[in-house]
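Observations on chain architecture
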Amino acid sequence: MKVNVNAVNFNIDGKLVDFIQVRMDKLEKYYDKVVVADVFLKVESTSEKENKIVEIKIHVPGDDFMVKKQCKTFEEAVDSSTEALERLLLKRKEKIRTHI
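Position numbers for residues count from 1 along each chain, tracking the sequence in the order it is written. The predicted origin of the model limits local features to residues at a pLDDT of at least 70 and limits the giving and counting of side-chain atom pairs to 80 or more, whereas totals for whole chains, interfaces and linings rest on all residues. As a rule here, side-chain values cover all heavy atoms of the structure and leave hydrogens and water aside.

- The protein goes by Ribosome-associated translation inhibitor RaiA in an unreviewed UniProt entry, where it is assigned to Flavobacterium azooxidireducens.

Right, dumping it as C-alpha cells:
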C-alpha cells in the first residue's frame, strides 16, 4: 500500500512517518485491496491540549473511507484512526463476502 503523509503548516519528523507507515501496513491484514492511503497531520492553534488532528483517507476499489481524529499526540490520533479503519474495512469485507 502506498502511504502519502502530508503535514499542514509544519515539518514532520522521520520517526513519525515511520510510525504511520507501520500502522497503515497493519491494515492490509484486514483488507488486502487497499490501494492508497492519504494521511493529513494538522495542529489546531487552540489553548486546548488535544490540538493534534489526523485525517486518514484510504482508497479501495469502488469506495473511499475517511477517518478524522483529534488527540493530544499524533501517535495517539494515528492509533485511534487506524482502529476505526480496521472496523470499517472488516465491515466492508463482510459486506462483500455476503454478496458473493
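Things to note about the pattern of salt bridges
- Salt bridge, as used here: a side-chain nitrogen of Lys or Arg that lies within 4 Å of a carboxyl oxygen of Asp or Glu. If you walk through the whole model with that rule in mind, you get six salt bridges.
- Close ionic contact of D32 with K33 constitutes a salt bridge, the shortest N to O distance being 3.9 Å.
- Here K33 falls in the partly exposed class, since its relative accessible area comes to 47%.
- What you see here is one network of salt bridges that share partners, running through K42, E55 and K68. Relative accessibility under 20% of the residue-type maximum defines a buried residue, over 50% an exposed one, and the middle range a partly exposed one, all with a 1.4 Å probe and only protein chains included.

Thoughts on the sheet that holds strand β1 (residues 2–7)
- In this scheme, strands are said to pair when DSSP sees at least two bridges between them. Think of it this way: any DSSP run of H or I at least four residues long counts as a helix, any run of E at least two long counts as a strand, and we number them from the N terminus. Pairing in this open sheet of four strands is mixed, and the strands run β1-β2-β3-β4 from one edge to the other. Since the sheet does not close on itself, it has two edges, and those belong to β1 and β4 (63–71), each with one partner. Along the sheet, successive strands turn relative to each other by an average axial angle of 15°, direction set aside.
- Throughout, a contact is declared for two residues whenever any of their heavy atoms are within 4.5 Å. Interaxial angles span 0 to 180 degrees and are taken between N-to-C directions of axes, which are lines fitted to C-alpha atoms, for helices over the stretch in contact. On the sheet, helix α1 (residues 14–26) packs against β1, β2 (36–43) and β3 (52–60) and is oriented at approximately 140° with respect to β1.
- Of the strands in this sheet, β2, β3 and β4 are in contact with helix α2 (residues 74–99), which crosses β4 at around 150°.

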